[in-house]
Amino acid sequence: MEMENYLSIINPHTVVVDVPAASKEEVFDYAAKALLADGVLTDAEDFKKDLYYRESLGPTGIGGGVAIPHGKSGAVSRTCISILKLAQPIQWETADGQPVQVIILFAVSLADKNNTFLRMMAQVARKLAREGVCAQLVAATSPEELTQALA
């Protein structure tokens, strides 16, 4: 079986710029509502609990204005990635102590929580480690530019 690429699971319906969120809670609320509306989630509250559980294990802010929160959840019907660019940077626990403006959020089904998820996360982490990628994401002004920055 061919290895799936993380680009194939980016959910175009949940790649959004100018998200009006002023806190991590508002980011998670916004993402959960969007994913629920798109049929990815069966339960927004359950998914948020799983996001918060993962946050409790250690920071998901990787620096450069980018965070990669992820929820492995029974409420996720299909694994996907959302990309949210906030209207304003917000406080988040990060590697560099800087606020975050781009959230690359993984919604992971229990079926995918080991192999598929780890592979996708590794691919995204490698991409984000490249010079200029985080800056491109932060500078993006459209959903297309967000997706292209990760391509």
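Residues numbered from 1 in each chain as written. Predicted model: local features only at pLDDT ≥ 70, side-chain atom pairs only at ≥ 80, totals over all residues. Heavy atoms only, no water.

A. Layout of the side chain of threonine 60. Residue placement: threonine 60 occurs in the loop between helix 2 (44-57) and strand 2 (61-63). If sequence neighbours within four positions are ignored, threonine 60 has contacts with Arg54, Glu55, Val66, Ala67, Ile68, Pro69, His70, Trp92 and Glu93. (Helix = DSSP H or I, 4+ residues; strand = E, 2+ residues; numbered from the N terminus. Contact = heavy atoms within 4.5 Å.)

B. Structural detail: the pattern of salt bridges. Inspection of every chain in the model, using the stated rule, returns 6 salt bridges. In this structure, lysine 24 and glutamate 55 form a salt bridge, with 2.6 Å as the shortest nitrogen-oxygen distance. Note that lysine 24 is positioned in helix 1 (residues 24-37) and glutamate 55 in helix 2, a separation of 31 residues in sequence. Glutamate 55 gets classed as buried once you look at its relative accessible area, which sits at 12%. Each of Lys24, Glu55 and Glu93 takes part in one network of salt bridges that share partners. (Salt bridge = Lys/Arg side-chain N within 4 Å of Asp/Glu carboxyl O. Buried < 20%, exposed > 50% of the residue type's maximum accessible area, 1.4 Å probe, protein only.)

C. A look at unusual backbone geometry. In the Ramachandran plot, aspartate 18 falls in the positive-phi region, its phi being about 60° despite a non-glycine side chain. Considering the arrangement of structural elements, one finds aspartate 18 in strand 1 (residues 10-19).

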